[in-house]
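Survey of secondary and tertiary structure
Each chain is listed here by its residues.
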Amino acid sequence: MQSLGSIRRDFAPWNDPAAKPYIVFDQVTKKFGDFTAVNNLSLSIYEREFFALLGASGCGKSTLLRMLAGFEEPTSGRILLDGQDLRGIPPYRRPVNMMFQSYALFPHMTVEANIAFGLKQEGMEASKIAERVAEMLKLVKLEQFAKRKPHQLSGGQRQRVALARSVAKRPKVLLLDEPLGALDKKLREETQFELMDLQQKLGLTFVVVTHDQEEAMTMADRIAILDKGEVMQVATPAEVYEAPGSRFVANFVGNVNMFEGTVTARDAAGASIDSDSGISIRTENAGDAQSGAKVAYAVRPEKIKVSSRPPMDTASNAAEGEIYDIAYFGDMTVYYVKLGNGLVVKAASLNSARLTDDPLTWNDRAWISFKPDSGVVLTR
Amino acid sequence: MSNAALSQTESSTGADTGLGTSLLRAVAGRLVIAVPYLWLLLFFLIPFVIVFKISLSQTAIAMPPYVPVFDLSEGMSGLFASLRELSFENYLWLTEDALYFNAYVSSLMIAGASTFLTLLVGYPIAYGMARAPATLRPVLLMLVILPFWTSFLIRVYAWIGILKPEGLLNQFLLAIGVIDQPLIIMNTHTAIFIGIVYSYLPFMVLPLYSALEKMDYSLIEAAQDLGCPPTSAFWKITFPLSLPGVVAGCLLVFIPAVGEFVIPDLLGGSQTLMIGKTLWNEFFANRDWPVSSAVAVILLLLLVVPIVLFQNAQARAQEQGR
């Protein structure tokens, strides 16, 4: 049977009704004066999960993280950690640690002292502290930088010190606020895998806040997409991408072509849609759309084929148009095809061969086509 | 033509014009640095040399009341003759009379104690200002600077009205029944402390404020996140990071407080021994300019030498930190 892929095959506690969530946001609302940062939000995160809160700035994702860390108290609602209500527990007594976006390394302390800071607060023995610090330094590959001050390190090294400091206490939950935001692209990609590796190795629960969907898609087991303080969808990266729950999510994550239209027929195998742009679409993924409903049909650019000839396969949805623009990225080419009524459809084609036998250029007549299972129907 | 060759010709023509501009820039750079040096030379070094010269000469009943050391009208031989007459007698005199030693020590102690008190009062103020909403900070800053708009002398005089036995403070305390005898504050060290703390508070608050204001609050959050309660976080993070401000503020208060004259004279009464007052007496009451110049020179050395040493140490520490 075909399915949406997942990275950790044997890890899906959210599908297991017997699994008890580790962190629970229960109808949490947070207001700053008149501004509602988080609006009646409920969310469950499971133990050992790598959970990402994804959203544009101001969507409330950082506020959620700060409430979990204890820097903000919810205006109403409860936050539970391992069954314990966190209300009233100050940040310094919570079994969670945070890696700050600015890293917040103590500038007057060496790398060593920064990592040891939390352990000293616990009253750990000096010899054990030294041991743990050495272990942490090794984990983030900074052994030879132990005696340096933060300003003597590069951005990537500082990021690793911040990480080592936040996991040194072996918290139950590690909160990461835009952990890779300040790194350049290449370093960010490397560090993503290091973070995932670390999470596996230490067996911790990670909650990461990010505005970078690629980052969230790469690292997280599940992603919560937030908008205006509300959860739009919580799902695995593949589900979020291939089965978005709403127009907002489809638009927010990745590129999408959206055909607004009306359902003309609904049957067990799927639905037929008359799109406002004139083409009729047959889809196998109709969700809960009823006949006559105003819906959007969302299909990703890479699932649309562009060709100078009409498709042979009569089951495919197809439309004729004109090449309006071409964006060449090397690995792929995105064609902007203008349909008869002016709708521009994006179609990405992977350049898997160096040479093409169907060269298309500006103003060429072209056919777009996509299979019935390529897109999804969105009612919201 | 290859790109490398092209860029080479470009850079060589760039160097031709660059020579002229870099020379000009070097000269301009020197000129900019010369301004503060010239300022210090004119208004610090030359006056100091004059005072130092006076401290080496003898008193005389004349105007000004000392033997002129350099009389250029007598030519080179006269210059040498007068150079021979220079002596450190006035400095020896300072060691013979315990008055001066006691005045120095008492000044340093009073200044030290009041600097500490100013720090105690100023730190919470600066901290509160730095944590206040950003829109409120300019107003608070203005309030700190506002007293400077009134004459220093008048503000110290005003304290007499507050502190004297029948003054405002005693009237208030008697009225609300906290005390039944007026407190004797005037003409005591307490009055001097109050005067110095009040007068020099802005000099303490401003450097502290600027050190605390630029501190990243997420550092405190990070400390708390790692298990550090707020009080402990203050001593482990906030205070060490504000140390440059603490040092700057303390120097700005301590240095003028050691030589302070107006406050001990007006609030401290006749028993208070402070070097500024001694200096004033030597100059204006005894008209002994050479001795008072010697007092001033010693005072300067007393303050400048430790500061220079301290700054050197700090510069070295910073150098190591880089």
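Reading the values: rules and limits
Residues numbered from 1 in each chain as written. Chains lettered and ligands numbered in written order. Predicted model: local features only at pLDDT ≥ 70, side-chain atom pairs only at ≥ 80, totals over all residues. Contact = placed C-beta atoms within 7 Å. Helix = DSSP H or I, 4+ residues; strand = E, 2+ residues; numbered from the N terminus. Nonpolar A, V, L, I, M, F, W, Y, C, P; charged D, E, K, R; others polar. Buried ≥ 20, exposed ≤ 12 C-beta atoms within 10 Å, placed from the backbone. Domains from an automatic or database assignment. Pairing = 2+ DSSP bridges. Axes fitted to C-alpha atoms, helices over the stretch in contact; angles between N-to-C directions. Core = buried A, V, L, I, M, F, W, Y, C linked by C-beta atoms within 7 Å.

This part covers the interface of chain B and chain A. Each partner contributes to the interface: chain B provides 15 residues, whereas chain A provides 18 residues. Looking at the side of chain B that touches chain A, the elements that each hand over two or more residues are α9 (218-225) and α10 (230-258) of chain B. The element best represented in the side of chain B that touches chain A is α9 of chain B, accounting for six residues. Here the residues of the side of chain B that touches chain A sort into eight nonpolar, four polar and three charged.

The subject of this paragraph is the environment of Tyr-335 of chain A. Residue and element names in this part refer to chain A. The residue Tyr-335 is located in strand β17 (residues 332-339) in this model. Tyr-335 sits in the buried class, given 24 other C-beta atoms within 10 Å. Between the C-alpha atom of Tyr-335 and that of Ser-42, which follows or precedes it by 293 residues, the distance is 41 Å. Not counting the four nearest positions on each side in its chain, Tyr-335 is found in contact with Val-306, Ile-323, Ile-326, Ala-347, Ser-349 and Leu-360.

Another aspect to go through is the domain arrangement of chain B. Residue and element names in this part refer to chain B. Partitioning chain B into domains gives domain 1 (19-84) and domain 2 (97-321). Each of domain 1 and domain 2 was reduced to a C-alpha centroid, and the two centroids are 33 Å apart. Between domain 1 and domain 2, the residue contacts involve ten residues of the former and eight residues of the latter. Residues of the side of domain 1 that touches domain 2, tallied by class, amount to six nonpolar, four polar and no charged.

Below, the discussion takes up the sheet that holds strand β14 (residues 294-299) of chain A. All names here are of chain A. Ordered in space as β13-β12-β11-β14-β20, the five strands form an open sheet in which the pairing is antiparallel. The open sheet has two edge strands, β13 (280-283) and β20 (376-378), and neither has a second partner. Neighbour-to-neighbour, the strand axes of the sheet open up by a mean angle of 40°, direction not taken into account. Across six bridges, strand β11 (residues 257-267) lies against strand β12 (residues 270-275) in antiparallel orientation. For Ala-265, the partnering residue across the bridge sits in β12 and is Ser-272.

All names here are of chain A. The buried count for strand β9 (residues 222-227) comes to five of six residues, which makes it a mostly enclosed element. Relative to β9, strand β3 (residues 50-54) is paired through four bridges, and the arrangement is parallel. Residue pairing for β9: Leu-54 is matched across the bridge by Ile-225. The pairing of β9 with strand β10 (residues 230-235) spans five bridges and is antiparallel. Within the sheet, the bridge partner assigned to Ala-224 lies in β10 and is Val-234. Here β9 hands over to β10 after two residues, with Lys-228 in that stretch at a positive phi of 50°.

Take the nonpolar core next. Of all hydrophobic cores here, the largest spans 105 residues; its most connected members are Leu-68, Leu-175, Val-207 and Ile-225 of chain A. With residues up to four places along the chain from it excluded, the contact list for Val-207 of chain A reads Ile-45, Phe-51, Leu-53, Leu-65, Leu-68, Val-173 and Leu-175 of chain A. Formed by 43 residues, the second largest nonpolar core is a distinct cluster that contains Trp-159, Met-186, Phe-193 and Val-253 of chain B.

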